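Architecture and fold: a report
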Amino acid sequence: MEKSLRQKLNDLLNKQAELDISLSKRLPKSILQEAIQGKLVLQIAEEGTAQELLKQIKLEKQKLVKEGKLKKTALSDSVIFKGEDNRYYEQTGKTVLDITDEIPFEIPEKWCWIRLGSLFQHNTGKALNRADNQGKLLSYITTSNLYWNRFELNILKKMYFTDTEIEKCTVTKGDLLVCEGGDIGRAAVWNYDENIRIQNHIHRLRSFINVDVYFYLYVFYFYKSAGLIGGKGIGIQGLSTNVLHNLLIPLPPLAEQHRIVAKIEKLFEKLQ
């Protein structure tokens, strides 16, 4: 039996609704892909290059090592470069390895690839041990409090922290927090004036130099949506400390990081 006009109209409306839902899911990923690959904003020569940030990182680490706040091994960061044969290489000391197969996408010439551990100090929090009653009884957050770009803080648990653990596990304003398990790679920026502690299934990322931490929040957004974290095949299955340390991330000039974040947020506002 031929469909009535009303049925045909309902079918069209249902298809339109499905297209709208599909488009609303694809657009944010497309925006992030353009952003993280350096295609969302114009390249401006006056903003410098990522190489200048690499020099700042090296100087800051040398300072921290001299002050006894960082191990000397942190000065042996690798350098990633593109050869004349258009392949990517990573040099650590005198050792040079071809890492072309690890590079997930191309980036602008002014940018560079860097291991996450070269840019961020990172560590996990304290494992819960109910028999441990040493130190101060303080509130902390778990992965159940950490969502994409937000926190749910209505219910906070408490456990004991020693002075050493407080220093290691305390989160301050501007730190990027990333889930190690569960929804692997889920991330948010701690943007509160009050400090908090973290449990062991959360990574705390604190950059050695001034970066736009929201740019790297969006890096995690994109990596997750593209299957580069917690995905299949070459995707990262988990985020242990070692895996996170070696994660390849793009490094744009600082001013461009700010412009990219501003553009992403403006476009996301229009999608709401």
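Below is a short write-up of the structure. From a predicted model like this one, the values you see are computed outputs, not experimental measurements. (Residues numbered from 1 in each chain as written. Predicted model: local features only at pLDDT ≥ 70, side-chain atom pairs only at ≥ 80, totals over all residues. Heavy atoms only, no water.)

The next subject is the sheet that holds strand S2 (residues 88–92). Pairing in this open sheet of three strands is antiparallel, and the strands run S1-S2-S3 from one edge to the other. Both edges of this open sheet fall to strand S1 (79–82) and strand S3 (95–98), since each of them pairs with a single strand only. On average, adjacent strands in this sheet sit at an angle of 25° to one another, irrespective of strand direction. Pairing analysis gives four bridges linking S2 to S3, with the strands arranged antiparallel. (Pairing = 2+ DSSP bridges. Helix = DSSP H or I, 4+ residues; strand = E, 2+ residues; numbered from the N terminus. Axes fitted to C-alpha atoms, helices over the stretch in contact; angles between N-to-C directions.)

Attention now moves to the sheet that holds strand S13 (residues 196–198). Spatial ordering of the open sheet is given by S9-S6-S13-S10, a layout of four strands whose pairing is mixed. Strands at the two margins of the open sheet, each flanked by one partner only, are strand S9 (157–161) and strand S10 (170–171). Two elements, S10 and S13, share two bridges in a ladder whose sense is antiparallel. The partner of Thr-170 across the bridge, within S13, is Arg-197.

Applying the stated criterion across every chain, the model contains 15 salt bridges. Salt-bridge contacts for Lys-173 lead to Asp-193; the nearest nitrogen and oxygen are separated by 3.1 Å. Highlighted residues: Lys-173 in the loop between S10 and strand S11 (176–179) and Asp-193 in the loop between strand S12 (187–189) and S13, separated in sequence by 20 residues. Classification of Lys-173 as partly exposed rests on a relative accessible area of 46%. Residue Asp-193 is classed as exposed on the basis of its relative accessible area of 62%. The closest approach of N and O atoms between Arg-186 and Asp-183, which form a salt bridge, is 3.8 Å. For Asp-183, a relative accessible area of 26% gives the class partly exposed. Each of Lys-63, Glu-67 and Lys-69 takes part in salt bridges that share partners, so that together they form one network. (Salt bridge = Lys/Arg side-chain N within 4 Å of Asp/Glu carboxyl O. Buried < 20%, exposed > 50% of the residue type's maximum accessible area, 1.4 Å probe, protein only.)

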